[in-house]
Every structure is written in structure tokens, then in C-alpha cells.
Amino acid sequence: MHSLHSDGSMRVEDLVARVAKREVRLMALTDHDNTAGIAVAALEAARHEIDFIPGVEVSSEWNGIGIHIVGLGIDIENQELQAGLDKIMEFRDWRAAEIGRLLESAGISGAESGARQLAGSRMVGRTHFARWLQDSGHCHDNGEAFQRWLGRGQVAYVPSDWIPMAEAVSWIRQAGGVAVVAHPGRYKLSATRLRALFEEFRAAGGGAVEVSSGAQGAADREHLSKLAQQLGLAASLGSDFHGPEIGHAEIGQLAPLPEGVQPVWECLGHSTPIATH
């Protein structure tokens, strides 16, 4: 799940309290490209008697496609991981300024400062600009913000420059974590290309795929389960929760993992609780 330290809408303390209220007993915080919320999340989870897994969601690229790699069970003090995340955050800083400049050139003033205020932390992404454009009356919803301003080919589009997927996997492994392909159903790959992605990911040292996610349907769940078993990869489950007003599954609402897959949390030494996230 995600907090205000990336593109979530909740403070870490409030997020963990919501996890407790939903009676979820195992959680992971996986903010995009930073671990700033992990220390507080761990303390709050302990206070609520929730088993906690420190994590991060790293922006990477495979064959020209943006692929998110989640790291679970990471040591947030690992220097290689943090040096790599710092580089990604520096790019994000530059991209936010560039998007603001392009919108300014198109006659929309104050976008960068507005997006940063909405973000509430250093991590400013295109979703924050989309929310600001909507709140400021420049579009009706998130989809229109990308179609008119932020999407590929539009006036404020800035191409991503993410690291290779294998490098993201390496950082996570160096930090003692398990690398997981996040929400693979969202990448709209053919069955052949999806298998190729997983095979290259496994060869790089990747350990699991997100079989059940708030961003994927039931058909994805069954297909990904079979593919994970065929390739000897563990399976993760998570709502990808960003906030109560953002269109992802509620905490603890997902169906259990299909029979036959190895839950990724068992690779990390955690038993399967009644409800996980």
C-alpha cells in the first residue's frame, strides 16, 4: 500500500490505523521510490500488533515498458538501495519541474507548486499534477488530465527515464529483500511477452509476482497463478491501496491467493494470517 510519502493520500499513522480497523494482521508499506515512511509505519504497526514488512516500489523499465518492482523485507539502511532510490528521486524532482514549466508555457500557472502541495512530500508524480488540474478546474477527472495535458504526446508529457528492471532487482536483493513484479495485469502484455518478462525477471534474481491485486481482475489472478507455479515464482497479494477516495480495492478486501502457489510472505518468514495486505 501507499502513503503520503508517494502517491497515497493518507499519513502513515492514519494508514496503519485503517489497517488495524480492517482487522488485517500482515501489511507492507511500499511507497514509490522511497522508504521515508517505513520507520513510522513499523512503530505504528507494532503499536497495533500488526505484523509489518518494510517495502518499496521501484520504477524500472523492461524493453521500453515501465515496470514496477516491489521490494519486500528490505533493509532500509542498505547503502546501494538508498543510493539508487536517491537517483530516481532526483529524476522525479527534475520531471516535476519540467511538467510545471510545460504547463506554464501552455498558460496554466502554479501547477508545480500546487502539485507539490498536494503531494505533501518530496515524491511528486503525474497523479499529483492530474489531481491539481482537476481541483483547479482545468479538467473534469484524472483521465481527462492525462488525455489533454499529461499523457504521451500531450503538451506536458515528459518521457520517463527509469532504470533497467534487472538493476531494480539487484538493489532489492542487495538490501536482503524479495523482488516482486507489481500488478503485471496492468501492463497489457501478450501471453508470450508476459512470460518473457517473468523469465528475464527470474533470471535477474526476482522471486515473486503479484498474483492478486486491487488493480487486476479475476482472470488475471488465475492466469498469473498458473504462470508463477510454472516458473517457480512465489505469489504476492495486495490491494495497492492509495486512499479511500482513490479507485483501488479497500484494505483486506481481496480474495485469498489461489491454491498451489507459495505466498511470498512465507519466503520472508511470516506465517499466513487470517487477513493479509
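Residues numbered from 1 in each chain as written. Predicted model: local features only at pLDDT ≥ 70, side-chain atom pairs only at ≥ 80, totals over all residues. Heavy atoms only, no water.

Peer 1: Help me understand the nonpolar core, please; the structure alone is not making it clear to me.
Peer 2: Burial of nonpolar side chains together is a common tendency in soluble globular proteins. Grouped together as the largest cluster of nonpolar side chains are 50 residues, with contacts concentrated most on Val58, Ile67, Ile69, Val181, Leu197 and Phe198. Excluding anything up to four places from it in sequence, Ile69 contacts Val56, Glu57, Val58, Ser60, Met165, Ala168, Val169, Ile172, Ala179, Val180, Val181 and Phe201. Of all hydrophobic cores here, the second largest spans 19 residues; its members include Leu103, Phe129, Trp132 and Leu150. (Core = buried A, V, L, I, M, F, W, Y, C linked by side-chain atoms within 4.5 Å. Buried < 20%, exposed > 50% of the residue type's maximum accessible area, 1.4 Å probe, protein only. Contact = heavy atoms within 4.5 Å.)

Peer 1: Could you clarify how one ought to interpret the pattern of salt bridges in this entry?
Peer 2: As enumerated under the stated definition, the model contains twelve salt bridges in all. Residues Arg148 and Glu144 are paired through a salt bridge, measuring 3.3 Å at the closest nitrogen-oxygen approach. Of this pair, Arg148 and Glu144 are both found in helix α6 (residues 142-150), four residues apart, which corresponds to roughly one turn of the helix. Judged by relative accessible area, which is 40%, Arg148 ranks as partly exposed. Among the ionic pairs, Arg195 bridges to Glu199, the shortest N-O distance being 3.3 Å. (Salt bridge = Lys/Arg side-chain N within 4 Å of Asp/Glu carboxyl O. Helix = DSSP H or I, 4+ residues; strand = E, 2+ residues; numbered from the N terminus.)

Peer 1: Any chance you could explain helix α4 (residues 111-119) here in plain terms?
Peer 2: For an α-helix, the turn length of 3.6 residues means that residues three or four places apart are oriented alike. Among the residues making up α4, those that are buried are Ala111, Gly114, Ala115 and Ala119. Buried residues along α4 cover an arc of 140° about the axis, so they all sit on one side. Across α4 from its buried face, at more than 90 degrees, point the exposed residues Ser113 and Gln117. Phi turns positive one or two residues past the end of α4, at Gly120, with a value near 75°. (Arc of directions from axis to C-beta.)

By themselves, these figures tell us nothing about what the structure is for.
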